[in-house]
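Listed below are the residues making up each chain.
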2 protein chains.
Amino acid sequence: MRSYGQYCSVAKALDVVGDRWTLLIIRELVLQGGCRYTDLLHGLPGIATNLLAVRLRELEDAGVVRREAAPPPVATTLFHLTDAGLDLKPVLLELGRWGTRFMPFPSGDESFRSHWLEFPVSNLLFDSEPTGPATEIEVRTGHDVAPDGAGPDGAGPDGASPDGAGPDGASPDDGDADDGDQVAVIEMGGGEVRSRVGPATLPDLVITGSPPVVLGVLMHMLTLPEARRRGLRTTGNLGALDRLQPRPRVEAGSTTPSS
Amino acid sequence: MRSYGQYCSVAKALDVVGDRWTLLIIRELVLQGGCRYTDLLHGLPGIATNLLAVRLRELEDAGVVRREAAPPPVATTLFHLTDAGLDLKPVLLELGRWGTRFMPFPSGDESFRSHWLEFPVSNLLFDSEPTGPATEIEVRTGHDVAPDGAGPDGAGPDGASPDGAGPDGASPDDGDADDGDQVAVIEMGGGEVRSRVGPATLPDLVITGSPPVVLGVLMHMLTLPEARRRGLRTTGNLGALDRLQPRPRVEAGSTTPSS
DNA sequence: CCGTATCCGTGGAGATACTG
DNA sequence: CAGTATCTCCACGGATACGG
């Protein structure tokens, strides 16, 4: 990136990570840890492969990314964040917090990867019942945000929702050519809220819908009836949703430290 | 900016503020409050005027910036941040904190504006003697970072010149073509550390030097003798410097709340 | 199959001149 | 003072071809 030529720490930071795609590459490495080149491509839908290669080299030169020759079994190179790279996590968290305000308004033609849930879940939610039993919510979404907000309904017509009004059938490419819907799990227990990719072993609740609807419900930006109207389907104990609550902003750094 | 097309809050945020210059424009508005167009141009050395106009319009459309017709006395338009824009301050603080690691290595051809001091000073320092008397440090720097790190005074080869250039008065008078050196004040008192642009009324200490040297001393990244070797000049009570201490990182948000 | 390099069309970035 | 207009050129995005 062309340097801003300003002796200011914000400008200096942007000289390194202000380029297009750069912070999203770092997002992937923060969320996923060591990544193969192809993992990054998959987690960054829309990026051109040459750009990814160029950015990785630039970040390596800047000391943000480390390239590691993988051990024999995998025999491929893995990309890791250096300590300096990991220090960017607070930047991503603040950006994500700020960007959440735009989530209720998807453009209708956006990609989604279930591991992106980790940011809003662990950064913006907390367990309002920290001493309660360990609980799992399985989340099923499609790979893309459907224009009309319909979720990936391949699920059976059962579920807690009164059928009818909800998912008006025509999800654009239901017969996906790719590997089908994405599954992630939100785990509550011990006062923590985490998320991970993959199916739950014994989910207390399964929610299925388009990414905006699912996220809207999780973040309490959408009421359940409203979400159902937009295609949400649920199976299991809805109390798990109430346990998740939006976390109030923790002020830190900008003002006076408390003595 | 071309949207990333990803349903992720970080990507959404970058859709709005990820463009080149955008976050620096917001930096100016955070630091200076309401700005005239020309104030912004001056605080953003290197930006093209058309880009500034375009960005301001985009930010206005995004609801980050508000354009206000000024009252009769000034009769000009002022640019303000909206509440959504002010919410970006934590992002800037984290970026600035991360970028601080690059400050010891100026490229040697960079612009400097004294109001940029506010970020490192209020975000990264604290008053180790909060009950002490109110104290002012006057900071004098040039507009640019000299390649060799010499101060704005034309750099007499000696170090700690006991010469008569006192706090009150004689502008260092380098042969600068522009409006002379910049003066800012760092104020300690009541447990707070702040900075503002302009001369001090009764400074306890005056430090003069190039921006990297001055910042190096303030942040304790440079020892005093080392700083003097690089052109720092001081007049007054050096104890004021010891009162300023780097603030340890306040963890917030990324991990479990401390219950 | 994974990672990189090359080619090309488009659009944004940057410098400058100009206007209400 | 507050922008707009115009021009050039590089960077980006996209496709595709190449090397391990």
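Just so you know, these numbers come straight off a predicted model, no measurement behind them.

Draft legend 1. The overall build of chain A, seen in detail. Across its full length, chain A carries 10 helices and 11 strands. Within chain A, the fraction of its 259 residues that count as buried is 45%. In chain A, of all internal contacts separated by at least 6 residues, the share reaching a separation of at least 24 is 68%.

Draft legend 2. Spotlight on the pairing of strand β8 (residues 192-197) of chain B. Residue and element names in this part refer to chain B. Both strand β7 (residues 182-189) and β8 contribute to a ladder of 6 bridges, which runs antiparallel. In the sheet register, M188 faces β8, and the bridge partner there is V193. Between β7 and β8, which pair antiparallel one after the other, the connecting turn spans 2 residues, and G190 there sits at a positive phi close to 65°.

Draft legend 3. Spatial organisation of the interface of chain B and chain A. Contact residues are listed per partner, giving 59 residues for chain B and 60 residues for chain A. Secondary structure elements with two or more residues in the side of chain B that touches chain A: α1 (9-17), α2 (22-32), α6 (89-99), β3 (110-111), α7 (118-124) and α8 (211-218) of chain B. Among the elements that make up the side of chain B that touches chain A, the one with the highest residue count is α6(B) (10 residues).

Draft legend 4. The relation of the copies chain B and chain A, seen in detail. Turning chain B through 180° and shifting it by 0.0 Å along the axis lays it on chain A, with an RMSD of 0.1 Å. Here the symmetry operator amounts to a two-fold rotation axis. Scanning chain B for the C-alpha nearest the rotation axis identifies B:V91, at a separation of 2.9 Å. Taken together, the interface assignments show that 100% of the residues at the interface of chain B recur at the interface of chain A, consistent with an identical surface on both copies.

Draft legend 5. Structural context of the protein's contact with DNA strand D. Neighbouring DNA strand D are 17 residues, the closest being A:A48, B:R36, B:T38, B:N50 and B:T76. Among the elements of the structure, α4 (49-61) of chain A together with α3 (37-43) and α4 (49-61) of chain B are those that each provide at least two residues to the surface near DNA strand D. For the surface near DNA strand D, a count of residues per class yields 5 nonpolar, 8 polar and 4 charged.

Draft legend 6. Molecular detail of the sheet that holds strand β10 (residues 233-236) of chain A. Residue and element names in this part refer to chain A. The strand order across the open sheet built from 5 strands is β8-β7-β5-β9-β10, with neighbouring strands paired in mixed fashion. Looking at the sheet topology across the chains shown, the edges are occupied by β8 (192-197) and β10. With strand direction ignored, the average angle separating the axes of adjacent strands in the sheet is 15°. Here strand β5 (residues 135-141) pairs with strand β7 (residues 182-189) via 7 bridges, running antiparallel. Paired with E138 across the bridge in β7 is V185.

Draft legend 7. α1(B), seen in detail. The element α1(B) is largely enclosed, with a buried count of 8 among its 9 residues. If you check which residues of α1(B) are buried, you get B:S9, B:V10, B:A11, B:K12, B:A13, B:L14, B:V16 and B:V17. Residues of α1(B) that are buried in the fold lie against α2 (22-32), α6 (89-99) and α7 (118-124) of chain A together with α2 of chain B.

Draft legend 8. Just the sheet that holds β8(B), in detail. All names here are of chain B. Taken in spatial order, the 5 strands make up an open sheet running β8-β7-β5-β9-β10, and their pairing is mixed. The sheet is open, and its two edges are formed by β8 and β10 (233-236), each paired on a single side. Sheet twist, expressed as the average angle between the axes of neighbouring strands with direction ignored, equals 15°.

Draft legend 9. Focus on α2(A). Residue and element names in this part refer to chain A. Burial analysis of α2 places 10 of its 11 residues in the buried class, which makes it a mostly covered element. Residues of α2 that are buried: T22, L23, L24, I25, I26, R27, E28, L29, V30 and L31. Directly beyond the C-terminal end of α2, a positive phi value near 70° is found at G33.

Draft legend 10. Representation of the nonpolar core. The biggest cluster of nonpolar side chains holds 120 residues, and the ones touching the most others in it are A:V10, A:I26, A:L92, B:V10, B:I26 and B:L92. For B:I26, the contacting residues outside a window of four places in its chain are B:V17, B:L81, B:G85, B:L88 and B:L92.

Draft legend 11. Just the environment of B:N50, in detail. All names here are of chain B. With respect to the secondary-structure elements, N50 resides in helix α4. The exposed category is assigned to N50, around which 8 C-beta atoms lie within 10 Å. In this structure the C-alpha to C-alpha distance between N50 and E68, which are 18 residues apart in sequence, comes to 20 Å.

Draft legend 12. Structural context of the environment of A:S107. Residues and elements named next belong to chain A. Along the chain, the position of S107 falls in the loop between α6 and β3 (110-111). Since 13 C-beta atoms lie within 10 Å of it, S107 is described here as partly exposed. In this structure the C-alpha to C-alpha distance between S107 and V145, which are 38 residues apart in sequence, comes to 8.3 Å.

Draft legend 13. Examining the confidence of the model for chain A more closely. Residue and element names in this part refer to chain A. Of the residues in chain A, 81% have a pLDDT of 70 or more, and the chain-wide mean is 83. Summarising per-element confidence for chain A, the mean pLDDT is lowest in strand β6 (residues 144-145) (78) and highest in α6 (97). With pLDDT under 50 throughout, residues 153-179 is counted as low confidence; its partners more than four residues away or in other chains account for 29 contacts. Confidence drops under a pLDDT of 50 for residues 253-259, and excluding neighbours within four residues, the segment shows 10 contacts in the predicted structure.

Draft legend 14. Broad picture of unusual backbone geometry. All names here are of chain A. In this structure, W21 is a non-glycine residue whose phi angle is positive, near 80°. As for its placement among the helices and strands, W21 is situated in the loop between α1 (9-17) and α2. Residue classification places W21 among the partly exposed residues on the basis of 19 C-beta atoms within 10 Å.

What counts, and where the lines are drawn
- Residues numbered from 1 in each chain as written.
- Chains lettered and ligands numbered in written order.
- Predicted model: local features only at pLDDT ≥ 70, side-chain atom pairs only at ≥ 80, totals over all residues.
- Helix = DSSP H or I, 4+ residues; strand = E, 2+ residues; numbered from the N terminus.
- Buried ≥ 20, exposed ≤ 12 C-beta atoms within 10 Å, placed from the backbone.
- Contact = placed C-beta atoms within 7 Å.
- Pairing = 2+ DSSP bridges.
- Least-squares fit on C-alpha atoms with pLDDT ≥ 70 in both.
- Near = placed C-beta within 6 Å.
- Nonpolar A, V, L, I, M, F, W, Y, C, P; charged D, E, K, R; others polar.
- Axes fitted to C-alpha atoms, helices over the stretch in contact; angles between N-to-C directions.
- Core = buried A, V, L, I, M, F, W, Y, C linked by C-beta atoms within 7 Å.
- pLDDT = per-residue confidence, 0-100.

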